[in-house]
Amino acid sequence: MAALTNVATEYTTKELMAAFVASEIEDGEAVSVGASLPVCRAGILLAHLTHAPNLKVQMSFTMTNLRNVEVLESFEYITDWRAARWAEFFYAHDTGPDLYKRRRKAVFFIGGLQIDAHGNTNLIGIGSDFTRLKMRGPGGVGTASMGTNVGRYYLYANNHNKQTLTERLDWRSCFGFGEGGADARTKLGLPGSGPRFCITPLCIFDFEEQTKRMRLKSVHPGITVEQVLASTGFTPAVPDHVPTTAPPTAEQIQLLRSRIDVEGVLRRP
Amino acid sequence: MQSTKRREVIISEQEAAGRIRDGMTISIGGFLNSSHPMAVIRMIIRNRLKNLTVIGAASAGLETDLLIGAGCVKTVIAPMISGESLAPIGPMFRYAAQRGELEVVELDEHMYYQGLRAAAALLPSLPWRGGVGTDYPKINTRLKEFHDPITGELLLAVPALHIDVALMHAGAADPYGNVQHVGTGFGDRSHHRAADKTIVTVDKVIPNEEVRANPYRTSIASVDAVVRAPYGSHPYASPGHYLEDATHIREYVSAATAVLKEGNRAPLEAYLQKYMFEPASHAEYLDRIGFERILSLYEV
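Read on for an overview of the structure. (Residues numbered from 1 in each chain as written. Chains lettered and ligands numbered in written order. Predicted model: local features only at pLDDT ≥ 70, side-chain atom pairs only at ≥ 80, totals over all residues. Heavy atoms only, no water.)

**With respect to the sheet that holds strand 8 (residues 154–159) of chain B**
Residue and element names in this part refer to chain B. A sheet is described by the order of its strands in space; here three strands give the open sequence 6-8-7, paired in antiparallel fashion. Either end of the sheet is taken by a strand with one partner, and the two such strands are strand 6 (125–128) and strand 7 (144–147). Across the sheet, the mean angle separating the axes of adjacent strands is 40° when strand polarity is ignored. Of the pairings in the sheet, the one linking strand 6 to strand 8 comprises four bridges and is antiparallel in character. Paired with Leu-126 across the strands is Val-158, a residue of strand 8. On top of the sheet, helix 5 (residues 109–120) reaches strand 6 and strand 8; it is set at about 150° to strand 6, its chief contact. (Pairing = 2+ DSSP bridges. Helix = DSSP H or I, 4+ residues; strand = E, 2+ residues; numbered from the N terminus. Axes fitted to C-alpha atoms, helices over the stretch in contact; angles between N-to-C directions. Contact = heavy atoms within 4.5 Å.)

**Focus on the interface of chain A and chain B**
In this assembly, 49 residues from chain A lie in contact with 56 residues from chain B. In total, about 4,200 Å² of surface goes out of reach between chain A and chain B, with carbon and sulfur atoms giving 59% of it. In this structure, the connection of chain A to chain B is made through 21 residue pairs in polar contact (both at pLDDT 80 or more). Class assignment of the residues belonging to the side of chain A that touches chain B gives a composition of 23 nonpolar, 14 polar and 12 charged. (Buried area = accessible area lost by both parts, 1.4 Å probe. Polar contact = N/O pair within 3.5 Å; in protein donor to acceptor, adjacent residues only side chain to side chain. Nonpolar A, V, L, I, M, F, W, Y, C, P; charged D, E, K, R; others polar.)

**A closer look at the pattern of salt bridges**
Using the criterion set out here, one finds 21 salt bridges over all chains in the structure. Between Arg193(B) and Asp94(A) there is a salt bridge, with the nearest N and O atoms lying 3.0 Å from each other. With Arg193(B) in helix 7 (residues 188–194) and Asp94(A) in the loop between strand 4 (89–90) and strand 5 (107–110), this pair bridges two chains. Note on Arg193(B): relative accessible area 48%, which makes it partly exposed. In this structure Asp94(A) comes out as buried when scored by relative accessible area, which is 5%. Between Arg129(B) and Glu153(B) there is a salt bridge, with its nearest N and O atoms 2.9 Å apart. Of this pair, Arg129(B) sits in the loop between strand 6 and helix 6 (136–139) while Glu153(B) sits in the loop between strand 7 and strand 8, and the two are 24 residues apart along the sequence. Classification of Glu153(B) by relative accessible area gives partly exposed; the value is 33%. One connected set of salt bridges, linked through shared partners, spans Glu10(A), Glu15(A), Arg257(A) and Arg267(A). (Salt bridge = Lys/Arg side-chain N within 4 Å of Asp/Glu carboxyl O. Buried < 20%, exposed > 50% of the residue type's maximum accessible area, 1.4 Å probe, protein only.)

**Concerning the sheet that holds strand 11 (residues 165–166) of chain A**
Residue and element names in this part refer to chain A. Spatially, three strands are ordered 7-6-11 in an open sheet, and the strand pairing comes out mixed. Looking at strand neighbours, the two that pair on one side only are strand 7 (121–122) and strand 11, the edges of this open sheet. Pairing analysis gives two bridges linking strand 6 (residues 114–116) to strand 11, with the strands arranged parallel. The residue of strand 11 that forms the bridge with Ile-115 is Leu-165.

**What about the state of the cysteines?**
Residue and element names in this part refer to chain A. The full count for this structure, using the stated rule, is zero disulfides over all chains. With no disulfide of its own, Cys-40 has Cys-198 as its nearest cysteine by sulfur position, at a separation of 11 Å. There is no disulfide at Cys-203, and the cysteine sulfur nearest it, in Cys-198, is 7.1 Å away. When its relative accessible area of 0% is taken as the criterion, Cys-203 is described as buried. (Disulfide = S-S within 2.5 Å.)

**Comments concerning the packing of helix 9 (residues 246–262) of chain B against helix 10 (residues 266–277) of chain B**
Two packed helices can be described by the angle between their axes and the distance between those axes. Residues and elements named next belong to chain B. Relative orientation of the contacting elements helix 9 and helix 10 amounts to 140°, with a least axis distance of 7 Å. When the axes of helix 9 and helix 10 are compared, the pair comes out oblique. Along its contact with helix 9, which presents His-248, Glu-251, Tyr-252, Ala-255, Ala-258 and Val-259, the element helix 10 presents Pro-267, Leu-268, Tyr-271, Lys-274 and Tyr-275. Of the residues belonging to the contact of helix 9 with helix 10, the class tally is eight nonpolar, one polar and two charged. (Parallel < 35°, antiparallel > 145°, perpendicular 65-115°, else oblique.)

**Side note on the nonpolar core**
Core analysis: the biggest nonpolar cluster contains 141 residues, and Ile44(B), Ile45(B), Leu67(B), Met111(B), Tyr112(B) and Tyr252(B) have the highest contact counts within it. A total of eight residues in this core trace back to one element, the largest contributor, which is helix 9 of chain B. Not counting residues within four places of it along the chain, the set of residues in contact with Ile45(B) comprises Leu66(B), Leu67(B), Ala70(B), Cys72(B), Leu272(B), Met276(B) and Phe277(B). Met17(A), Leu37(A), Leu72(A) and Ile253(A) belong to the second-largest nonpolar core, a separate cluster that totals 40 residues. (Core = buried A, V, L, I, M, F, W, Y, C linked by side-chain atoms within 4.5 Å.)

**What to know about the packing of aromatic side chains**
Overall, the coordinates contain 17 aromatic pairs over all chains when judged by the stated rule. On the basis of an interplanar angle of 65° and a centroid distance of 5.1 Å, the ring pair of Tyr112(B) and Tyr113(B) is categorised as edge-to-face. The class of Tyr112(B) is buried, set by a relative accessible area of 0%. Here the aromatic cluster, defined as three or more aromatic residues joined through ring pairs, consists of Phe20(A), Phe109(A), Tyr154(A) and Phe197(A). Above the plane of the ring of Tyr285(B) lies Arg42(B), whose end atom (NZ or CZ) is 3.4 Å from the centre. (Phe/Tyr/Trp six-rings, centres within 6.5 Å; stacked < 30°, edge-to-face > 60°. Lys NZ or Arg CZ within 6 Å of the ring centre and 35° of its normal.)

Remember that the coordinates give geometry; whether it matters functionally is a separate question.
What follows is the structure in structure tokens.
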């Protein structure tokens, strides 16, 4: 890792979040690069180009290593088969259920229409009557299974507001820590360790060890604890001292802008 | 007299759609904005089929949304229905589901594949752990929680998902139904294995010799019918052949969004009229789209 003395002077919130994602990825891990979470994609690739040369990158149904690719252009759609130019292996999507033994240490990212205080998520919809939802969501995709089985995952919120970060979900499509408690997952026999952090545009939450309720881990530069609390639909645990999320280094920003996010998706408001 | 010649399985898009009847369960291959058997889907809409159960892809695209909008669908089974950034949630899926006009069988991706595998293996169900502790068993009462007889662990039984006719799109097939996808084939194989019949639209029919020259590339052998349909996935992509037509997809999304947001069906009816009901064949549809647009969808 580059020393933090070389802090970037100018960066966007999304670039900061990508740098945080990068700091969480360890060399040799397997991680899926989705199309719809560009910040997570950038963070994963940033880790790969810096401290994780042996990352097992899954992208557009391929597995590959991208260390020697000069510019990692991003594709608008996950189905873009031009990613095949980098592929070392491809897998048919229906083999997914057979991959969990090999995903015991894999890393995944999960978003939601709603995320609750115990890290459970909802992609089903908003409203109390399932047959007449007020807002029908896209569907749970693979989150229930990935959240159950992968080594660890990160919750990712595009927007930090009370509607998204809510005390209770309308529907639970992916189990985080259920109703809470240190044994919330083990008593159901779920193999994965569950959500590690929740990453938002304002802050990072972790989970308090005994209650498995969200706790403020750090606020992003320029954001106050009060702002976070006023924008959150549940009351997180707040330690006496809340540190500031580490800003990206100049090297990270240079890599993001010249090799990973040339299109500037992370620089758009 | 019994023919002694090997049977070729190439049929027209009209014949293919003619094999689908009201109330059947069909599956649609591909993934999000790629590889949907649109030449046949348009004919299904043109035939005004009703009460279909549609098993979309693990991430279904707007082709499933279109079938819902055209009034063909009673029940939909898909872990997600989305056009990615073009329409994060299928607008007609949203509209019909929110009004209680569509039965939604909610499954996560890997529950869905377990259901297809159960059908392929002639089993009533297969177990799965993903979804334990969630609301899936509440909103999909076909899922049953049970304790594994070996270890006692809490699991979900996913019932078999049987398909009458699997519809999918691939790059090429020979006249005998040996299919060669370009790329991964997404989850298409799982549909084929769970189906009584499989019909594949292809961008190109290739000679049997070409299949034999590279049999490793054959992704599905001996499907029941092949439809010759160059640009047959339009407006969606076909790997190795062409990219998605985002302009056209936006035209659909805009028409469908008018229904969702304003309850105004007129733009959607005009869209269906122009692209589904009036063209009597895939060739007439491509005429409507126009050569210039079609030839602009090159891959690199």
